[in-house]
Amino acid sequence: MPDTGYLIAAVATAVAVTPALRALPFAALAPLRSSPLAVYLNKAMPVGVMAVLAVYTLRGFDPHVPDRAWPTVIALVFTVALHLWRRNLLLSVLAGTVVHVLLASTVFD
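Residues numbered from 1 in each chain as written. Predicted model: local features only at pLDDT ≥ 70, side-chain atom pairs only at ≥ 80, totals over all residues. Heavy atoms only, no water.

Some points on the environment of His-83
Right, on to step 1. As for its position among the elements, His-83 is in helix H3 (residues 66-86).
Right, on to step 2. When the C-alpha atoms of His-83 and Ala-95 are compared, they prove to be 9.8 Å apart, with twelve residues separating the residues in sequence.
Right, on to step 3. Ignoring anything within four residues of it in the chain, the contact list for His-83 reads Met-50, Asn-88, Leu-89 and Ser-92.
Right, on to step 4. Among the polar contacts made by the side chain of His-83, one reaches the side chain of Ser-92 at a distance of 3.1 Å. (Helix = DSSP H or I, 4+ residues; strand = E, 2+ residues; numbered from the N terminus. Contact = heavy atoms within 4.5 Å. Polar contact = N/O pair within 3.5 Å; in protein donor to acceptor, adjacent residues only side chain to side chain.)

Structural data, given as structure tokens:
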């Protein structure tokens with residue numbers, strides 16, 4: 001059994017280090033928030049995320065297999081239309097995913 005002083009020192013060290021490690025990224029990134037790169041990434045990343053998701057979705061697209069092609073096409077059109085209407089990346093991606101899953105598992109099963 002470890003000594004009581006050793007256990008107290010270990011717990012005190014963990015108590016001191018844990019909040020410091022959690023606060024360190026926020027303190028280190030605070031000056032970078034107003035940098036030109038961060039502003040550019042804030043504007044460009046939603047489009048980049050949508051492009052990556054579209055490529056990932058369409059990588060296995062085969063128009064000769066209608067049971068797999070139609071849910072993808074319908075969900076893709078739905079996602080693009082919803083995004084153009086609402087301009088909300090999270091809403092578009094989630095709703096498009098739900099439409100694709102519902103179509104693929106029920107209508108085109």
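Considering the confidence of the model for the protein chain
Right, on to step 1. In the predicted model, the protein chain carries a mean pLDDT of 88, and 100% of its residues have values of at least 70.
Right, on to step 2. Mean pLDDT across the elements of the protein chain ranges from a minimum in helix H2 (residues 36-58), with 83, to a maximum in helix H1 (residues 4-29), with 92. (pLDDT = per-residue confidence, 0-100.)

Quick word on the packing of H2 against helix H4 (residues 89-107)
Right, on to step 1. Running from amino to carboxyl end, H2 crosses H4 at an angle of 15°, the nearest separation of the two axes being 11 Å. Here H2 is positioned roughly parallel relative to H4, judged by the angle of their axes. As H2 runs across H4, the sense of the crossing is left-handed. Mapping the contact onto sequence places Pro-46, Val-49, Met-50 and Leu-53 in H2 and Leu-89, Ser-92 and Val-93 in H4.
Right, on to step 2. Per-class residue counts for the contact of H2 with H4 are six nonpolar, one polar and no charged. (Axes fitted to C-alpha atoms, helices over the stretch in contact; angles between N-to-C directions. Parallel < 35°, antiparallel > 145°, perpendicular 65-115°, else oblique. Left-handed = near helix turned anticlockwise from the far one by under 90°. Nonpolar A, V, L, I, M, F, W, Y, C, P; charged D, E, K, R; others polar.)

A short note on the layout of surface pockets
Right, on to step 1. When its volume is computed, the largest pocket comes out at roughly 310 Å³.
Right, on to step 2. If you go around the largest pocket, you meet 13 residues; those closest to its centre are Leu-53, Thr-57, Thr-79, Gly-96 and Thr-97.
Right, on to step 3. Secondary-structure elements contributing two or more residues to the lining of the largest pocket are H2, H3 and H4.
Right, on to step 4. The dominant element in the lining of the largest pocket, judged by the number of residues it contributes, is H3, at five residues.
Right, on to step 5. Residues that form the lining of the largest pocket fall into these classes: seven nonpolar, six polar and no charged.
Right, on to step 6. There is about 190 Å³ of room inside the second largest pocket.
Right, on to step 7. In terms of lining, the second largest pocket is formed by 14 residues, of which the most central are Thr-57, Gly-60, Arg-68, Thr-72 and His-100.
Right, on to step 8. At the level of secondary structure, the elements contributing two or more residues to the lining of the second largest pocket comprise H2, H3 and H4.
Right, on to step 9. The biggest single contributor to the lining of the second largest pocket is H3, with five residues. (1 Å grid on protein atoms, 1.4 Å probe; cavity = no way out; pocket = protein on both sides within 12 Å on 5 of 7 lines; lining within 4 Å. Points joined across faces, edges and corners; volume = space filled by probe spheres on them.)

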